[in-house]
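# Tertiary structure, described
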Amino acid sequence: MNQIDVRKDVPIAFLLLLATLAVYFNVRNYGFVSYDDFTYITKNDYIKDGLTWDSVKWAFSTMYFTYWHPLTWLSYLIDVNLFGFSPAGYHIENVCFHAVNSLLLYFFLMRATGRREASAVVAALFALHPINVESVAWVSDRKNVLSTFFWLASVIAYAGYVKRPAIGRYLVVLFLFVLGLMSKPMLVTLPFTLLILDYWPLGRLSKTSASGDILEGKEGFVAKALYMVAEKVPFFFLSLLSGLITLKAQMQWGAVASLEFLPMKDRLLNAIDSYAGYLYKLFWPSRLAAIYPFAERSDVIPAIISAMVLITITALTFIERKSRPYLLMGWLWFLVTLVPVIQIVQVGSAPMADRFAYVPGIGIMTATVWYLSDIASHVRAGMKFLAVATTLCLVILSILSFNQTKYWQNSLVLYKHASDVTQGNYVALNGYGIEFFNMGSIDDAIEKFSLALRYIPELSSLNEQVNEHMWMALARKGRAKEAEKYFVKSVQFKYKYKDVSPARLNKMMARAYIKRGGYAEACEYLLKALQLDGNDAGGFVDLGEVLFALKRYEDAVLSFKKAIYLQPRDWRSHYFLGETLAKLGRQEEATAFFEDARRLKPTTEAPGLH
């Protein structure tokens, strides 16, 4: 391990920090976005009081929103104490983690290889690449920058353990790994990446292992390989445990898509396309978006071409393994670290995401920089040319990243950009429509929901939601008859295509209107429901509430009395009837029904009418 040279390394570290902060300078002025930020932070009642004993217990016990990541929750809880719900502090903290991660990457590569300039370039690429903007500018992706901090700290500690083996050093690596898993389960591949690092740059499989390594003196490739695998057994066990916990959490939240929605064949083809897609975006970072939609798979030719490219690269890096071991290391790092997010087990509605390349991209960046550096060193004036080209590349990436951060300034801009740079992006269009709806631009909302419905797959879990949003928008415009078909579809998707009786459907539609204060429309649908099922006591209670809200008190009395006739022991009907009679000035009758309500449910506080 090479030691840090203060005179050389401190200026490089300072420049890395300065460049990172310059690129992400504007995010301090950005707000939260509706894309998960509300669920994680602003509308999350569990963290609203900040760091308390109860919230800490919750952080370590919850699987809220598909993950068990207590350290990520603790970071948010601390933020609430420090910043309240002002987004600037949350954004700045993400930027700080990203900047520190860049430094950790630099110091690991420099100490492990002794190649200071190459290590600095890899760290700069990581700090400034546009594909990493999502992980930094999106407050909800704190888990990514936080877990990567522990990931890189783990590999630095591991390199120190390899140089000077000791049980204490080993336990430090294990401890940092556990902290990483408690930030995000993406670290389940760390044991494999440690094995890859054993190959290069740590060189533990070479004929003569580094001085001080526990493998020093061991003979034979197989013996060394078996020892290195055995050395990682505790890590593999913790990875398995974390994977099982994560799968349970995601299934519990209904985040795992069924094979009915996306057959295994399509998942495999999408995985191949995604590998190629990440590789393409690392080298040509254009049309980056917060959300990528699934493409209709009518042609397998693109996947076949992608597979051929991946196989070719794999073969070439294997052929060059002896002369250029960094190529195989970088490629394997990329392939392995993407496995948890390559969507064979489909989670959510996206085939890929920029944030998933945050760690895998390190492998490609390292292999590319080392390869170009080696090529340039054998060409006259090659290193000077490479220095100029590298500087130009970093400037361009900085500009692209600076511009990419602007798409995270608010929800409307985020969804607009995602729908503009992708095709058929029903997830982004749905979010775009919601923003317009909340702004009161109902016509624009209807347009976006219509487009989303045009592209959304029949079995998508979002179908219920998009149809309901379309219903809400049309209902707001007074186009009730047109809206009804979308409500019916929403209900059918909600109940997984099972038949819903017309009476129940009308009653559900009425309740949906009640939630939004549409009492006149609710009354119409309740009357339809009760014509179809005249023995529904609950329906008459709902009708009575609606009539009360419409100030049709005499009609409400009749509806509550019908409910009592059908279900005499329902205390609510007695209480509501009492309130209605009191409103009419018939106090003596009202008192009798209040007493009946208390007798039937003496410990329950009366809910009150609208």
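First, a word on scope: everything that follows refers to the structure included in this document.

What follows is about the overall build of the protein chain. When its secondary structure is counted, the protein chain shows 28 helices and zero strands. Counting all 610 residues of the protein chain, 52% fall into the buried class. Counting contacts in the protein chain only where the partners sit at least 6 residues apart, residues at least 24 apart contribute 70% of the total.

On to the nonpolar core, then. If you look at the biggest cluster of nonpolar residues, it comprises 178 residues, and the most contacted ones within it are Tyr 35, Phe 334, Trp 408 and Trp 471. Ignoring sequence-local partners within four residues, the contact set of Tyr 35 consists of Trp 138, Ser 140, Ala 290, Ile 291, Arg 355, Trp 408, Leu 414 and Tyr 415.

For the rest of this paragraph, the subject is the packing of helix 19 (residues 426–439) against helix 20 (residues 442–455). The interhelical angle for the contact between helix 19 and helix 20, taken along N-to-C directions, is 165 degrees, at an axis separation of 8 Å. By the criterion of interaxial angle, the relationship of helix 19 to helix 20 is roughly antiparallel. The element helix 19 and its partner helix 20 pack so that their crossing is left-handed. Touching Tyr 426, Leu 429, Asn 430, Tyr 432, Gly 433, Ile 434, Phe 436 and Phe 437 of helix 19 are Ile 442, Asp 444, Ala 445, Lys 448, Phe 449, Leu 451, Ala 452 and Tyr 455, all from helix 20. Taken together, the residues of the contact of helix 19 with helix 20 break down into 12 nonpolar, two polar and two charged.

Time to look at the side chain of Ser 373. Mapped onto the elements, Ser 373 comes out in helix 16 (residues 360–377). By relative accessible area, which is 11% here, Ser 373 ends up buried. A distance of 2.9 Å separates polar atoms of two side chains, one belonging to Ser 373 and the other to Arg 115. Among all residues touching Ser 373, those that are not within four sequence positions of it are Arg 115, Met 383 and Leu 386.

Criteria and thresholds
- Residues numbered from 1 in each chain as written.
- Predicted model: local features only at pLDDT ≥ 70, side-chain atom pairs only at ≥ 80, totals over all residues.
- Heavy atoms only, no water.
- Helix = DSSP H or I, 4+ residues; strand = E, 2+ residues; numbered from the N terminus.
- Buried < 20%, exposed > 50% of the residue type's maximum accessible area, 1.4 Å probe, protein only.
- Contact = heavy atoms within 4.5 Å.
- Core = buried A, V, L, I, M, F, W, Y, C linked by side-chain atoms within 4.5 Å.
- Axes fitted to C-alpha atoms, helices over the stretch in contact; angles between N-to-C directions.
- Parallel < 35°, antiparallel > 145°, perpendicular 65-115°, else oblique.
- Left-handed = near helix turned anticlockwise from the far one by under 90°.
- Nonpolar A, V, L, I, M, F, W, Y, C, P; charged D, E, K, R; others polar.
- Polar contact = N/O pair within 3.5 Å; in protein donor to acceptor, adjacent residues only side chain to side chain.

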